[in-house]
Amino acid sequence: MRKIKFIAYLAIIFSILVSCSPAPPKIPEEALTGSAELIDANPEIEEPEIIVEDDTLKFYLIPAEGQEESEERLKQLGVDFMKLLGGYVSSDEIAGPSDESYGEIYDYYNVEIIVEGERGAVLYRGIKAKGESEIQWEE
């Protein structure tokens with residue numbers, strides 16, 4: 001009986017410790033606006049925006065009017081937008097983007113990249129769960 005209680009006690013303690021993940025690091029407003037300003041300098045994009053909702057970062061891009069960009073190019077611009085923010089928030093504690101990573105900040109946040117067309121219609125949507133290494137593009 002003592003063994004069962006002990007095992008149950010350990011299981012409860014373990015589940016509490018596992019569920020208490022650290023809060024994601026706060027992203028300064030200047031990093032959000034700075035990243036958006038840098039990607040906005042690209043003539044292929046209009047009105048880029050990053051929205052933080054709890055543990056999710058949403059990157060919004062609208063192709064510039066009159067521009068005929070390929071699907072792959074628009075997706076790459078979304079990835080570039082992510083990497084810009086990853087570079088802005090990098091520090092001694094949080095590694096920035098590299099060839100193999102979008103940046104360590106994305107270990108703490110889920111990501112949505114949304115490329116919008118006319119009247120807010122979603123052209124492409126990419127999703128990356130925190131800690132994952134790849135973006136999954138919805139078809």
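In what follows, the accompanying structure is described. (Residues numbered from 1 in each chain as written. Predicted model: local features only at pLDDT ≥ 70, side-chain atom pairs only at ≥ 80, totals over all residues. Heavy atoms only, no water.)

**Here we look at the overall build of the protein chain**
Part 1 of the argument: Check the secondary structure of the protein chain and you find three helices and five strands.
Part 2 of the argument: Along the protein chain, helices (α) and strands (β) appear in the sequence α-α-β-β-α-β-β-β when read from the amino end.
Part 3 of the argument: The buried share of the protein chain, reckoned over its 139 residues, is 34%.
Part 4 of the argument: Of the contacts formed within the protein chain by residues at least 6 apart in sequence, a portion of 47% connects residues at least 24 apart. (Helix = DSSP H or I, 4+ residues; strand = E, 2+ residues; numbered from the N terminus. Buried < 20%, exposed > 50% of the residue type's maximum accessible area, 1.4 Å probe, protein only. Contact = heavy atoms within 4.5 Å.)

**Remarks on the packing of aromatic side chains**
Part 1 of the argument: Per the stated rule, a full pass over the model turns up one aromatic pair.
Part 2 of the argument: Taking 5.1 Å as the distance between ring centres and 75° as the angle between the ring planes, the aromatic pair formed by phenylalanine 59 and phenylalanine 81 counts as edge-to-face. Here the residue phenylalanine 59 occupies a position in strand 2 (residues 56-63), and phenylalanine 81 occupies one in helix 3 (residues 71-88), the gap between them amounting to 22 residues.
Part 3 of the argument: We classify phenylalanine 59 as buried; its relative accessible area is 0%. (Phe/Tyr/Trp six-rings, centres within 6.5 Å; stacked < 30°, edge-to-face > 60°.)

**Structural notes on the pairing of strand 3 (residues 110-116)**
Part 1 of the argument: The element strand 3 is extensively covered by neighbouring structure, given that six of its seven residues are classed as buried.
Part 2 of the argument: With six bridges connecting them, strand 2 and strand 3 associate as parallel partners. For leucine 61, the partnering residue across the bridge sits in strand 3 and is valine 115.
Part 3 of the argument: As defined by bridge partners, strand 3 adjoins strand 4 (residues 122-128) across six bridges and the pair is classed as antiparallel. (Pairing = 2+ DSSP bridges.)

**Let's talk about the side chain of threonine 56**
Part 1 of the argument: Take threonine 56: it is sitting in strand 2.
Part 2 of the argument: By relative accessible area, threonine 56 is classed as buried at 14%.
Part 3 of the argument: Residues in contact with threonine 56, not counting those within four places in the same chain, are Ile51, Tyr109, Asn110 and Glu112.

**Some words on helix 2 (residues 29-40)**
Part 1 of the argument: A rise of 1.5 Å per residue sets the reference length of helix 2, with its 12 residues, at 16 Å; its end C-alpha atoms lie 16 Å apart and thus fit the reference within 8%.
Part 2 of the argument: Those residues of helix 2 not exposed but buried are Ala31, Leu32, Gly34, Ser35, Ala36 and Ile39.
Part 3 of the argument: Against strand 1 (45-53), strand 2 and helix 3 lie the buried residues of helix 2. (Expected span 1.5 Å × (residues − 1).)

**What to know about unusual backbone geometry**
Part 1 of the argument: The backbone of aspartate 54 sits at a positive phi, close to 55°, despite the residue not being glycine.
Part 2 of the argument: The phi torsion at arginine 119 lies on the positive side, around 55°, for a residue other than glycine.
Part 3 of the argument: Within the secondary structure layout, arginine 119 lies in the loop between strand 3 and strand 4.
Part 4 of the argument: Residue classification places arginine 119 among the exposed positions, given a relative accessible area of 84%.

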